[in-house]
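Chain by chain, the residues:
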Amino acid sequence: MPIRVVDVIDILLVGLLIHQVHRLARGTIAGKIFLGLLSIYLIYWIARTARMQLLATLLSQFMGVSTLAVVILFQYEIRKLLSLLGTALALGSRQLLASHVWPKKKHESASNITAIVEAARTLGEHNTGALIVLSNYADLEFYTESGDLLGGVVSKRLLLAIFHKQSPLHDGAAIIYQDKIVAVRCILPVTEQQKLSTQFGLRHRAAMGMSELTDTLVLVVSEETSQISVARRGTLQHNLSAKALRAAINDYLHRY
């Protein structure tokens, strides 16, 4: 039977899907489960090809419930994959509209970026921990509802007041959207990546988890080391200078 072009495309798409799922699950317990499932499927294929009736029958029973098992075991990775696909489609359509219909708009002024950078530097100098989420287009209502709504204009003094160690608002994350600190004390999802260094605490893991599931830039000030980090798209940049932090924020907010 000749190989059709559609067959090649079919194989490439399946390979791409498997690669993407493995990339998302890599470094987590689900990643090991994923490799285990692939091994079982391979053994089943060999048993069926070699006509090993007993083994093939036993494994076929497992195949019958494997779809449900995959959904249960990989619910976090599936949610993350769908979130990434939805974000990519939303950003692609938004970028197309922005370039052809609406003029480009900078949601954050230079003064607001300066306020964030200076607040982070001051918090670090005083070994005060902080977790700040910057959102360019989404209001993140699901996450803001987990905290206390604020709606204050971004300023250095306000950020310092929020994350002061004696402040009742310093726990959790502050979410900034369109020049406003929308909410504080927000609960963020925690990453399941096992490869993250043990030197990083809960704030860093929450920053990673948020950046994996949403199109945000998450800023972390370490209470223990006073170092500044940012997480974006599941990647953590550690020990940034004020200049590097400003560049990272500018790159995120003004990329379109």
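Up top is the structure these notes are about.
Below is a summary of the structure that appears in this document.

The rules behind each value
Residues numbered from 1 in each chain as written. Predicted model: local features only at pLDDT ≥ 70, side-chain atom pairs only at ≥ 80, totals over all residues. Heavy atoms only, no water. Helix = DSSP H or I, 4+ residues; strand = E, 2+ residues; numbered from the N terminus. Expected span 1.5 Å × (residues − 1). Buried < 20%, exposed > 50% of the residue type's maximum accessible area, 1.4 Å probe, protein only. Arc of directions from axis to C-beta. Contact = heavy atoms within 4.5 Å. Patch = residues over 30% accessible without salt bridge, like charges linked within 9 Å, V, L, I, M, F, W, Y side chains within 5 Å. Areas by Shrake-Rupley, 256 points an atom, 1.4 Å probe, with all protein chains shown as cover. Salt bridge = Lys/Arg side-chain N within 4 Å of Asp/Glu carboxyl O.

1. A few points about helix α9 (residues 242–253)
Between its first and last C-alpha atoms α9 spans 16 Å; for 12 residues at 1.5 Å apiece the expected length is 16 Å, and the two agree. Burial in α9 covers these residues: Leu245, Ala248, Ile249, Tyr252 and Leu253. Looking straight down α9, one finds its buried side chains confined to an arc of 120°; they lie on one side.

2. Some thoughts on the side chain of Ser222
Mapping Ser222 onto the fold places it in the loop between β5 (216–221) and β6 (228–232). The contact partners of Ser222, leaving out residues within four places of it in the chain, are Gly129, His204 and Gln227.

3. Some points on a nonpolar patch on the surface
Taken together, the side chains of Val5, Ile9, Leu13 and Leu16 make up a nonpolar region of the molecular surface, amounting to roughly 400 Å² of accessible area. Counting through the fold element by element, Leu13 comes out in helix α1 (residues 5–25).

4. Concerning the pattern of salt bridges
If charged atoms from side chains of opposite charge come close, those side chains can pair. All chains considered together, the criterion is met by 4 salt bridges. Among the salt bridges present, the one from Arg4 reaches Asp7, with a minimum N-O distance of 3.1 Å. For Arg4, a relative accessible area of 51% corresponds to the exposed category. Of the charged contacts in the structure, one is a salt bridge between Arg232 and Asp251, with a shortest N-O distance of 2.7 Å.

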